[in-house]
Every structure is written in structure tokens, then in C-alpha cells.
Amino acid sequence: MSTPIIELAGVSRTFEQRRKIVKAVDNVSFSVNEGDVICLVGESGCGKTTTGKMVSGLLRPSSGEVRYRGKDIWKMNKEEFREYRLAVQLIHQDPYASLNPAHTIYRILSAPLIHHKLVQDENHARERVRELMRTVEISPPDDFFDKYPHQLSGGQRQRISVARALTVNPSVIVADEAVSMVDVSIRISLLAMLTKLMRDLGVTFIFITHDLAVAKYFAWEGRIAVMYLGRMVELSRTPELINNPQHPYTNALLSAIPEADPRLTRTKERIQLRSPDVPSLLNLPPGCTFHTRCPLYEEGLCDVHVPQLQELEPGVDVACHVAARRHGISLVGETSNR
Amino acid sequence: MKTLRLLMHNKVGFAGFLGVLFFLFLAFVAPLFIPLDTETRVDQIYQLPSAEHILGTDFQGRDIFSLIVHGGRDVMVVAFLTGLISTTIAVILGSLSALLGGWVDSLIMAVTDVWLAIPQLPLLAVVATMIKLDSVVLTAVVLAALAWPSLTRAIRSQVLSLRQREYVQAAQLLDLGNRHIISSELLPNMMSYIAINLVFAMTGAVYSQVLLVFLGLVTLSNNWGVIINLAWTRGAIFSSMAFMNILAPVLALALFQLSLVSFTRSLEEIFNPRLRTSV
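Per chain, the residues get numbers from 1 upward, laid out in the order the sequence is written. Lettering for chains starts from A, numbering for ligands starts from 1, and both go in the order in which the items are written. In keeping with the predicted nature of the model, local features appear solely for residues at pLDDT of at least 70, side-chain atom pairs appear and are counted solely at 80 or more, and the whole-chain, interface and lining totals rest on all residues.

### Quick notes on helix H6 (residues 136-163) of chain B
Selection criterion: The helix count covers DSSP runs of H or I at least four residues long, the strand count covers runs of E at least two residues long, and both are numbered beginning at the N terminus. Multiplying one less than the number of residues by 1.5 Å gives the expected span of a helix. At any given residue, the bend is defined as the angle formed between two axes, one fitted to the seven residues that end at that position and one fitted to the seven that begin there.
With 28 residues, H6(B) ought to run about 40 Å at 1.5 Å a step, and its terminal C-alpha atoms sit 38 Å apart, in line with that. Maximal helix bending in H6(B) amounts to about 40°, located at B:Trp148; proline B:Pro149 follows within four positions.

Below, the structure is given as C-alpha cells:
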């Protein structure tokens, strides 16, 4: 097997807030091979954005390693880091904040081209910008050259954001809630455009979203990683995860997706959680952090031992004591009480 | 052409712009045609405005209009230089402080805090006794040395907030370099702020220098401040006929300041593309 393009090994990130340590991301490991897609899914505050920022090198992990093509990005020399820097691009969630309001669209897109000498001259730059805009399906490109970001709609801005990330021909794109802030009617076309990019350009995608339905659409051929309070609770191939979720949290998330068919929604089995409240990151429950809400909770097991992510079936990694037991695997003993 | 249209767009701003132009013309071009009246005419002291002397005459019978015309140049040059020097210092120190952080930030902020705590006017008076402030440039330098701290703090907080913007992060991700980030991502978004603060620094400099001249701490030859100072020392306040002698320079100062401040409205529109679109 070739070296994965992105690999996280035991990555944690803590923040200090009023003298208290907040564990935003706790011991997360996963790897992505070139051309693959992985979706990080979870509710707000589960650490998916922090993970995305660490993958793209904007944040330094408190512990653990983020590797690009097998090398720890924080131990790279200048030349290697430069290569990594351009190879991994991030698309921000908010298309209103991610474009500089003082620049025209042409300037926004041509700056990286000119800075990195990816074009020979002004004419070439114009040609390349036009091409990029066509890639992200903005037409006619020339009409947008002299426009300012505030003159564009949210969907158009997000497309420009994507085009800007593409200027440096990245191999990995981290899309942080890239479609969450745009209108639902535009979301699907934006998703379709990103899917097309993934197929045509062979870009590896790390797609961060809170919406399992979006993840399912986007990463059907890839994997979904479900995060809960900074930990990864399930990492499985998308069809398995959707059709046969192992972790009770994944199950709860899936049951919460509204269906377009009211008959389906009415008859659909809703998982009853023991508590609707998400515990505070400042005061995490001991053992499995989900045990306060988990319908499968077992006293003396779940609130004592932290379950580690374990492969239960090929391509299905789950961190749950009860689910593991069903597969005849015990997660207790390998980990200490934290 | 586009800039001119933007200038005209805001009526208050355009009026201010015209006012500034008028005063520039008055101070730099008019002196070429209107000679400075130095003659003493004892029989024409404290005259009211008339066709011959449109702003009246002063305590020694000189034409006040000619004094006003010749007294503006130094005021404006000092104001402009002071504004330019203090704003430049503030932008450089403020950005460095915000971008580098750490001990550089602590050091710069400590210095500005101390500087801000010093009462400026007494310090100016002390400085003026040590250095003979008889040149325009020297006066500007001294005034600028006192004016930079508050703006430095403001610029620092601007940069700190802009630095966290996602488009700055995007520029970092695209490895566009610090020079690009400062000159293309940060500065354009601060330009209106800087330009407006430059103008405010100028208005501040006008007042402090006129005050210095009025107090006699700065000995510039001909200046709106000098007119007030002389009128004061020669007892103009005791003569009800002498009001033009005080009013003329005060009005000139006030109108010049008003023009500058109104002009900032246009500057705002020129530098902010979001306000610009309605044109």
C-alpha cells in the first residue's frame, strides 16, 4: 500500500480558556489515500473544524503528528513545507468572510497565480483565471473580473473561494462546512460541482460537515468519520455506516435526518437518547463521553473505560464497548481509566 | 476620473474637498499676488471690513486679509508633515506590534502607554524651551513625536482584528508571503481608517501648533497663531473695535478644520468599495 497523502497519528489539540484546559480534539487518528474522500461529521463543538485546521497546518497539534506523504508537517524543512503548504488548501465555511472585500474577483484569483509564477504574463493570467472560473461553473467569467465580493451571491462567492484554492493546483482540499452557509437550492449544485472536481482533477477531499445527508451524498465512495466531543467514535465506509451504523451516536444522528417522504418520517424509528444535552467540553464525562446520552449505556463499563477506535469489520472502525462486544471484541483492558 | 466621481458623490465630503482646495490656494498661490502688508498706519488702526480692507485692519493698521493669506502656509505644512510623520510611525509600530506579538508587542505597548500618560502640553512647553522651535520641519517632528501613541494603539487593534479574517488565513494557506498579506490584504482594508486618522492627526496638529505659537513657545514668523498672539498681547481683547483681528484668524482656522473633517466623508467612500457601489 502506498503512503497515505494525509495521515493523523494520535492528534490532540487543547485550548486554554480561563485557566481551564479545553480538549477540542482528543487522540484522533486517520489516514487518507490520494484521490480518496473522507467526511468528518459531528455536531458543533465536536472538533471537526479544529481537525481541519490542523490538517491544513493553520493550527499546531498539542500532541500527535500530522503527516503529509509520510512526513510530519511540523518537522519539515522549508522546501518540503512549501510544497505541503500549496498542496493542501482549505475552503472556509463563510463565503462572506473568506474573500477580501477590497479586491476585485480578478485580483483575488490572479494574486496566487502571479505570486507563484504559475503564469507567464498578464494575458496568460487572464486566460487561467477564466479557465478556473469555468471549472467552478461561473459564467461568463469576464463579467465577474471587475466585480467586488459583495456584489456576488453566497453561492458565487463560495465558487470563487473554491477557484482560489484551485489556483495552486492542490492535491488535498479541506472543505470546512463549505456548503452549509449557502441556500439549500444552491447547495446541491455546489456539491455537484465539488464532486465533479474530485472526479476530474483527482483531488483528495477532506469534507467537514454537520449534515450526514450531505456527507452521504458527497462521500458515497469514500468514508465517513463521526466525531463526538473531540473524539472519533466511528470511521467507516459510507455505505456501511449509513446502512448499518455501529455506534449508537451514529445511529442517533441517522435517525434524526428528516426524510422527504412524510410517511417515512412518521414510521421511522427515532432513537431515544437518555439526555438531549451535550456535555460541556470544559467538563467532559469520564469513560465514553457519550455515556450520559447513550441508550446502550452500561454502568461500570461505559462511564469508567474510554473506548478506543477498533476495527470491528473490514472498513468499519468503532469506539463503543457495547458494539464491540457484539463482535466478540473487548475494548476494556487496552486503555486506562482517564 | 473615477476618483473624481467618487469625490463628488458625497456632497458634504465634496464641499470639504472644495474647502481644502480653497485654503490650499489661499495659502500657496494667493501670496504670490497679494503682498504682505508690513506698513504701520497709525490712522487706520482696527478698521472694520471695507472695500479697501476686506477683513479690516489690525492694531497697527495692517490689512488683516494679507496677514491671513501669508499666515496659512506654515500652518498647513506643519499640519501635513505632523500628520504624515505620526501616521507613518503609528502604522509601522502598530502593525509590527500586532503581527509580531510576543515581547515586541509588549515593548511597543509599554512605550505607548508611558507616552500616553505624559501630559502633552507641559511637555511641549518644556521641549520648546530646550529646542528652539523656529523651523517648520522641527515643529512638525516634535508635534509628531507626541501624536503617534494613540493612533498606534488604534492601528494595532485594527490589525489584530483583520489578521484573524478568513481571507488573511486564505492568503497564508496560499503562501503569498508576509509582504503580500500586509500590503494587499491588510492595508487596503485599513486605508479609509488610516486616511481619516491622517486627517484627524492634521487637525490635531493645527490646534497644537497654533496653541504653541499663541503661547509664544514656537517662533514662526507669520502664522494664523501669530496673528492671534499679537492681537492678544497688543490688547485687542480690550477694544470692542478689534474683534476682526481675533475673529479672522480664528475663522480661518475653524473653516480649514471643518473642510478637512468634512473631506474625510469622501475619503471613506473612495477607500471602501462597499460604500462605493451606489455610484
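The discussion continues.
### A closer look at the interface of chain B and chain A
The condition that has to hold: We call two residues in contact when their backbone-placed C-beta atoms lie within 7 Å. Side-chain classes follow a simple rule in which Ala, Val, Leu, Ile, Met, Phe, Trp, Tyr, Cys and Pro form the nonpolar group, Asp, Glu, Lys and Arg form the charged group, and the remainder, Gly included, forms the polar group.
Contact with chain B, which involves 17 residues of that partner, is made by 23 residues of chain A. Contributing elements (two or more residues each) for the side of chain B that touches chain A: helix H7 (166-173), helix H8 (177-214) and helix H11 (273-276) of chain B. Of the residues that constitute the side of chain B that touches chain A, the class distribution is seven nonpolar, five polar and five charged.

### Some points on the domain arrangement of chain A
Residue and element names in this part refer to chain A. Applicable threshold: Residue ranges assigned to each domain were obtained from an automatic or database domain assignment.
Its domain assignment divides chain A into domain 1 (6-242) and domain 2 (259-326). Placing the centre of domain 1 and that of domain 2 at their C-alpha centroids yields a distance of 28 Å. Listed by partner, the interface residues are 17 residues for domain 1 and 14 residues for domain 2. Of all the elements in the fold, those that place two or more residues in the side of domain 1 that touches domain 2 are strand E2 (20-32) and strand E10 (231-237). When residues in the side of domain 1 that touches domain 2 are grouped by element, the largest group, seven residues, is from E10. When its residues are assigned to classes, the side of domain 1 that touches domain 2 shows seven nonpolar, three polar and seven charged.

### Comments concerning the packing of H8(B) against helix H9 (residues 224-233) of chain B
All names here are of chain B. Applied cut-off: Angles run from 0 to 180 degrees between N-to-C directions of axes, and those axes are lines fitted to C-alpha atoms, restricted for helices to the stretch in contact. Left-handed is the label given to a crossing in which the near helix is rotated counterclockwise from the far helix by less than a right angle, and right-handed is the label when the rotation is clockwise.
Between H8 and H9, the least distance of the axes is 8 Å, while the angle of their chain directions is 35°. By crossing handedness, the relation of H8 to H9 is classed as right-handed. Within the contact between the two elements, H8 uses Gln209, Val210, Val213 and Phe214 and H9 uses Trp224, Gly225, Val226, Ile228 and Asn229. Per-class residue counts for the contact of H8 with H9 are six nonpolar, three polar and no charged.

### Quick word on the sheet that holds strand E11 (residues 310-313) of chain A
Strand pairing within a sheet occurs via backbone hydrogen bonds; the two strands may be parallel or antiparallel. All names here are of chain A. We apply this condition: We treat two strands as partners when DSSP finds at least two bridges between them.
Strand order in the open sheet formed by eight strands is E6-E7-E8-E3-E9-E10-E12-E11, and the pairing between neighbours is mixed. What marks the edges here is a single partner per strand, and that holds for strand E6 (88-91) and E11. Neighbour-to-neighbour, the strand axes of the sheet open up by a mean angle of 20°, direction not taken into account. In terms of strand pairing, strand E3 (residues 37-41) meets strand E9 (residues 223-228) through four bridges, oriented parallel. Within the sheet, the bridge partner assigned to Val41 lies in E9 and is Val226.

### A look at the sheet that holds strand E1 (residues 6-17) of chain A
All names here are of chain A. Across the sheet, which stays open at both edges, the four strands sit in the order E2-E1-E4-E5 with antiparallel pairing between neighbours. With one partner strand each, in any of the chains shown, E2 and strand E5 (71-72) form the two edges of the open sheet. Judged from the nine bridges that link them, E1 and E2 form a sheet pairing that is antiparallel. Counted as the bridge partner of Glu16 is Ile21 from E2.

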